[in-house]
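# Coordinates in review
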Amino acid sequence: MTARPEGTTRDRPAGARTARAAAPSGASAAAVSATSAAPASAAAHRRASRQRRAVGALWPIVASLVVFVVVWQLVVFVSGFPPYILPGPLSVAQSFVEAWLDGTMWPHVSATLVEVLLGFAMGASVALIAGIALARSRLAERLLSPYLVAAQATPVLALAPLIALWFGTDLLSKLIICTLIVFFPVAVATMVGIRSVDPRLLEMARSFRAGSWQTITRVEVPAALPAILGGMRVGVTLSVIGAIVGEWAGADRGLGVLINIARGSLFDIPLMFAALLQLAIIGVVLYLVMLLIERRLVGER
Amino acid sequence: MDPAREPATMTAPTRAPGAAAGISLRGVSLTFRGARTTHVLDRVDLEVRPREVIALIGPNGCGKSTLLRVLAGLIKADGGTLAIDGQPILGPDPRVGLVFQEPRLLGWRSAESNVRFPMELAGWPKQRQQARADDLLGLVGLREYARARPGTLSGGTRQRVSIARALALEPSLLLLDEPFSALDALTRERFNVELLRLWERTGTTIILVTHSIPEAVFLADRVVVMSPRPARVIADIAVEMPRPRRLVDLDSALVASLAADVRSHLVDTTDDEIAMEEARRAIPAGLTPKDRQARNLPETDPGTPAWFDPFRPEDEP
């Protein structure tokens, strides 16, 4: 047998071809190893092309970040603003790292994260149920829509002091504010999504005697899932806003509080920028997580 | 499912012969009342013996599909009686399996999971679902596509999945609403042969709506010709052709004379109209609002759903 050992052909995709060409006497063995190598080489090829694509998608993001930081530094340079008006990127980065290392950042980050995630979960669940009710019942739409639109039209910032007054300055008031702000986009997306479900599918489900709960869970919600997840993607970033607004209305921990402290009693503007940066990172990460969940659930349709 | 490779994996008949149902329709009438009142069915009488294959044929929009939906319990008749084996049909019925013109599969589920859908709704235990779905996919020759999603399957394959789904709960009556009209002519002939083979194995009674006279004659024991709206039965033509039937029988003199007979009863309908109708229905695009009305489906307009408008009139989407 002149064919190469299995391992080499599998590891090196090109090996399969050379093995077949170089081994006329061991043709059958070569053919076997060639077929076994084919999927592996295809997988390797796919992996490589995926990496290439990932790099291709990544470099504009990195480039724009670099440009942003450079322009920032230039503005600081040219304008000559003092650091308490506009700190440079370097001092913000330094402050950011310090705040993490000396333990200033974590308590605030964790408090805000809990508010954002719990508030989003609460708002999205209530909105999902309401969206389904609104989609299925014209009466529910008529009864509820004036309040929903009014709640959306009233700035949460204006409601926050009232909510803090009623529900105190604990977690609860933040969750309520997050729920208020997350509710609208998710409810509307759910409603529109379910209203757009192909009526022929509903007739099909009815012909198999689906009850209304079965129709909701097995046909309507799965069919509307892309729309619902789109609404949630918007909702999760809004939840970050809700948490900060809630913290400003009264709290003792959280990134909103840190921003206030840094601007006020500490007068540490780079720290304030570091807190802002941390907030932006949380928002972006949550958005990306939602995007991944979306891909996972509906990507293969 | 070419005949060459099926027998080894083929499962036993999924239902004992003789379990098929006899159907009896007496004076079934239906009028749609709305902005425009439409008299759809006018005292339809039809007796079907167990295991018979009936083809319903008639001019455009005469109410054949509506009649099928009345039989499936999806639309309630205004008058008359409908019964399967003497038991009235009061709503969607587990004794009836319905195959639509389009496959109507759930796009996020695999072929197998789509076949299991009615069993899930009926609350069957998981293992029984699995076994039954496996049998059914074997029956329609799609075992190797069990994990495939509908989006990756061809139109004909999707329709096979939908036929397997309709057979899931072991119905004694199988209703088919122009099931092959979206297929090309050759595939359609092949599906006709397959349908007869399925019928032999499952032993259900079949009522089929079609726009094709040869298809009706080839498949059916009786071809029932309906009048233009409001639909009545105007002819009931027995097809005395031996079974099993083969595609070559389509070219026989008997089929030609029967087809001529059926055609002579299709009053006010030219060949062109039938051909046009077939062509129109072959387009698998979304339904227009008018189609939806014709099929008595809820009036919705996907894509532009109005929302949060409390002042919208009741009858507007």
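Heads up: these notes are all about the structure in this document. (Residues numbered from 1 in each chain as written. Chains lettered and ligands numbered in written order. Predicted model: local features only at pLDDT ≥ 70, side-chain atom pairs only at ≥ 80, totals over all residues.)

### So, the overall build of chain A
Counted only if it meets this: Counting from the N terminus, the helices are DSSP H or I runs at least four residues long and the strands are E runs at least two residues long. Counting other C-beta atoms within 10 Å of its own, a residue is labelled buried from 20 upward, exposed at 12 or fewer, and partly exposed in the gap between, with every C-beta atom placed from the backbone. Residue pairs qualify as contacts under a 7 Å threshold applied to their C-beta atoms, which are placed from the backbone.
Assigned secondary structure in chain A consists of twelve helices and zero strands. Secondary structure elements of chain A, listed N to C terminal, follow the sequence α-α-α-α-α-α-α-α-α-α-α-α. Per-residue burial for chain A yields a buried fraction of 36% across its 301 residues. For chain A, long-range pairs separated by at least 24 residues make up 73% of all intrachain contacts whose partners lie at least 6 apart in sequence.

### Describing the overall build of chain B
Counting its regular elements, chain B contains nine helices and ten strands. Evaluated residue by residue, chain B yields a buried proportion of 37% over its 317 residues.

### Things to note about the nonpolar core
Our working rule: When buried Ala, Val, Leu, Ile, Met, Phe, Trp, Tyr and Cys residues are joined through C-beta atoms within 7 Å, the set is termed a nonpolar core.
Counting 141 residues, the largest nonpolar core has Leu175 and Val223 of chain B as its most contacted members. If you tally residues by element for this core, the top one is helix α8 (residues 171–195) of chain A, at 16 residues. With residues near it in sequence (within four places) discarded, Val223 of chain B still touches Ala55, Ile57, Ala216, Val217, Ile237, Val239 and Val262 of chain B.

### Re the environment of Leu279 of chain A
Here Leu279 of chain A shows up in helix α12 (residues 269–298). Leave out the neighbours within four places in its chain, and Leu279 of chain A touches Val240, Ile244 and Leu255 of chain A.

### Remarks on the interface of chain B and chain A
What counts, and what does not: Here the nonpolar group is Ala, Val, Leu, Ile, Met, Phe, Trp, Tyr, Cys and Pro; Asp, Glu, Lys and Arg are the charged ones; every other residue, Gly included, is treated as polar.
The partner chain A presents 26 residues to the 24 residues of chain B that form the contact. Per-element accounting of the side of chain B that touches chain A gives the leading share, three residues, to helix α2 (residues 111–121) of chain B. Of the residues belonging to the side of chain B that touches chain A, the class tally is 18 nonpolar, four polar and two charged.

### Here we look at helix α1 (residues 64–71) of chain B
Given 3.6 residues per helical turn, the α-helix brings residues three or four places apart onto the same face. All names here are of chain B. Counting buried positions over the eight residues of α1 gives seven, a clear majority of the element. Listing the buried residues of α1 in full gives Lys64, Thr66, Leu67, Leu68, Arg69, Val70 and Leu71. Gly73 sits one or two residues past α1 and shows a positive phi near 80°.

### Comments concerning the sheet that holds strand β2 (residues 38–48) of chain B
Residue and element names in this part refer to chain B. Definition in use: At least two bridges found by DSSP between two strands is the condition for calling them paired. Note on method: axes are straight lines fitted to C-alpha atoms, helices fitted across the in-contact stretch only, with angles between N-to-C directions ranging 0 to 180 degrees.
Spatial ordering of the open sheet is given by β2-β1-β4-β5, a layout of four strands whose pairing is antiparallel. Two strands in the sheet have a free side with no partner beyond their single neighbour: β2 and β5 (87–88). In terms of strand pairing, strand β1 (residues 23–32) meets strand β4 (residues 79–84) through five bridges, oriented antiparallel. Bridge pairing in β4 places Ser29 opposite Gly79. Contacting β1, β2 and β4, α1 runs over the sheet at an angle of about 60° to β2.

### Examining the sheet that holds strand β8 (residues 205–209) of chain B
Residue and element names in this part refer to chain B. Sheet architecture is open: six strands sit in the order β6-β7-β8-β3-β9-β10, paired in mixed fashion. Among the strands making up the open sheet, the edge pair consists of β6 (96–99) and β10 (233–238). Strand-to-strand, the axes of this sheet are offset by a mean angle of 15°, without reference to chain direction. Relative to β8, α1 is tilted by about 150°, and along the sheet it contacts β3 (53–57), β6, β7 (173–177), β8 and β9 (222–226).

### Topic: the packing of helix α5 (residues 105–136) of chain A against helix α10 (residues 212–248) of chain A
Residues and elements named next belong to chain A. Under the convention used in this document: Left-handed describes a crossing in which the near helix is turned anticlockwise from the far one by less than a right angle; the clockwise case is right-handed.
Contact geometry for α5 and α10: axes closest at 8 Å, N-to-C directions at 140°. Between α5 and α10 lies a crossing whose hand is right-handed. Here α5 contributes Thr112, Glu115, Val116, Gly119, Phe120, Gly123, Ala124, Leu128 and Ile132 to the contact with α10, which in turn contributes Ile216, Ile228, Met232, Gly235, Val236, Ser239, Val240, Gly242, Ala243 and Gly246. Within the contact of α5 with α10, the residues separate by chemical class into eleven nonpolar, seven polar and one charged.

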